[in-house]
Amino acid sequence: MLSRPLLRLRILQRHLRAAPMSSQAEQDVLFETKGSAGFITLNRPKALNALNLSMVRQIYPSLQQWETDPLVGLVLIKGAGGKAFCAGGDIRAVTEAGKKGDPLSQNFFKEEYILNHKIGNYKKPYIALIDGITMGGGVGLSVHGMFRVATEKTMFAMPETAIGLFPDVGGGHFLPQLPGKIGVFLALTGFRLKSRDVKSVGVATHFVEAAKIPELEDRLTTLTSTASPADVEAVLNDFQNQSKLDADKEFVLQPHLADIDRLFAGNSIEEIFTSLEKDGSPWATKQLETLKKMSPTSMKISLRLLLEGKGRSLAEDLQVEYRLSQRCVEDQDF
């Protein structure tokens, strides 16, 4: 039980954090509390809210603070600008740093993965509104959280094999948990999932129409500071039930699920290539053409990561991914 002076101090701190600041428009991530909810807004809309080290270093301590604050019952993270939740990490800066021997290439991945682990083990309900483009670093900020809300504007992808990397931010942990071989397919091809398909595959936990998001946010702020995950889920379920957009549309990969499970079941990239070549169907040929454009090294790393990652915890997977990230930064493909 908090003493009254300490409780008053906590209340004052919350008001100060929520107060508008003249320099706030220039900040790359914004924090405020509304009711019992802590709000994180990724605020680099011109860069599609791409995640940089400065943002990581601001988000992590705020999550730590709110996790023990008795006046905060849940945390909600979203992106500014209406186009993206977070389109990935600031890879260009990391690439340049790696070429110069700058420690940014080490610090960015290390601290980003520590943040991913915190999100995956957060003690309070954590809701990611993945309204818009969600790739790479944005996946790490959302997919490990308790709740992920997609809208008709959501576009999810892990395109790392095209840039000489691998599906990191815990991809080796969560992708093998998707049905069948969908995780392998998404990791190797960088296939883009949109709208309700993001929920259908299991990346999102809920689908809510974009127009209803402001009302959803308001409703979440009315929950008490002792709200349980079940209380939050009840609100999300209510708004999902109100959202009828694209409800009758077939899951985009539904006609190919059996093909994916069969053709992407190999234990090596060579086996997968052979399966696609032998199949010879228009769909298989298209996937083969896509894979031939990717980094061969990245595809091999990604496949092995997923095959071995199914039995790993998030912490174990992120440790492996950090070591891999440092080797990839040194590689010419990256």
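- Per an unreviewed UniProt entry, the protein carries the name 3-hydroxyisobutyryl-CoA hydrolase, mitochondrial and comes from Elysia chlorotica.
- In UniProt, the protein has this text filed under Catalytic activity (unreviewed entry): "3-hydroxy-2-methylpropanoyl-CoA + H2O = 3-hydroxy-2-methylpropanoate + CoA + H(+)".
- Among the UniProt annotations of the protein, the heading Function (unreviewed entry) holds the following wording: "Hydrolyzes 3-hydroxyisobutyryl-CoA (HIBYL-CoA), a saline catabolite. Has high activity toward isobutyryl-CoA. Could be an isobutyryl-CoA dehydrogenase that functions in valine catabolism. Also hydrolyzes 3-hydroxypropanoyl-CoA."

What about the nonpolar core?
Thought 1: Within the largest apolar cluster, 72 residues are counted, with the highest numbers of intra-cluster contacts made by Ile40, Leu42, Ile59, Leu63, Leu141, Phe156 and Phe264.
Thought 2: If sequence neighbours within four positions are ignored, Phe264 has contacts with Lys181, Val184, Phe185, Leu188, Thr189, Asp259, Ile272, Leu276, Trp283, Gln287 and Leu291.
Thought 3: Of all hydrophobic cores here, the second largest spans 18 residues; its members include Phe39, Val208, Ile213 and Leu223.

Brief notes about helix H4 (residues 104-120)
Thought 1: The end-to-end C-alpha distance of H4 is 24 Å, a good match for the 24 Å that 17 residues give at a rise of 1.5 Å each.
Thought 2: Among all positions in H4, only Ser105, Phe108, Phe109, Glu112, Tyr113, Leu115, Asn116, Lys118 and Ile119 are buried.

Considering the packing of aromatic side chains
Thought 1: Tallying each qualifying case throughout the model produces seven aromatic pairs.
Thought 2: Ring pairing ties together the aromatic residues Phe185, Phe191, Phe264 and Trp283, which thus form one cluster.
Thought 3: Lying across the ring of Phe39, Lys34 places its NZ or CZ 4.8 Å from the centre.

Details of the pattern of salt bridges
Opposite charge on two side chains lets them pair, provided their charged atoms get close.
Thought 1: If you walk through the whole model with that rule in mind, you get twelve salt bridges.
Thought 2: Of the charged contacts in the structure, one is a salt bridge between Lys118 and Glu67, with a shortest N-O distance of 2.8 Å. Of the two residues, Lys118 is situated in helix H4 and Glu67 in helix H2 (residues 53-68); the sequence distance between them amounts to 51 residues.
Thought 3: On the basis of relative accessible area, Lys118 is assigned to the buried category, the value being 17%.
Thought 4: Linking Arg312 and Glu308 is a salt bridge whose minimum nitrogen-to-oxygen distance equals 3.0 Å.
Thought 5: Owing to a relative accessible area of 38%, Glu308 belongs among the partly exposed residues under this scheme.
Thought 6: One salt-bridge network, held together by shared partners, links Asp259, Arg262 and Asp279.

Parameters and conventions
- Each residue is numbered by its place in its chain's sequence as written, counting from 1.
- Totals for whole chains, interfaces and linings use all residues, but because this is a predicted model, local features are given only for residues with pLDDT of at least 70 and pairs of side-chain atoms are given and counted only at 80 or more.
- For the side-chain quantities, the full set of heavy atoms in the structure was used; hydrogens and water were omitted.
- UniProt positions are given in the numbering used here, feature names are shortened, and annotations may be inferred rather than shown by experiment.
- By convention a nonpolar core is built from buried Ala, Val, Leu, Ile, Met, Phe, Trp, Tyr and Cys residues, the set being connected through side-chain atoms within 4.5 Å.
- When a residue's accessible area, from a 1.4 Å probe over protein chains only, is under 20% of the maximum for its type it is buried; when over 50% it is exposed; and in between it is partly exposed.
- Should any heavy atoms of two residues lie within 4.5 Å, those residues are considered in contact.
- In this description a helix means any DSSP run of H or I spanning at least four residues, a strand means any run of E spanning at least two, and both kinds are numbered starting from the N terminus.
- By this rule, a helix spans an expected 1.5 Å times one less than how many residues it contains.
- Classification of ring pairs uses Phe, Tyr and Trp, with its six-membered ring standing for Trp, and accepts pairs whose centres are within 6.5 Å; under 30 degrees between planes counts as stacked, over 60 as edge-to-face, and the remaining range as tilted.
- Counting as a charge over the ring demands two things of the Lys NZ or Arg CZ atom: a distance within 6 Å of the ring centre and an angle within 35 degrees of the ring normal.
- Salt bridges are identified by distance alone: a Lys or Arg side-chain nitrogen within 4 Å of an Asp or Glu carboxyl oxygen.

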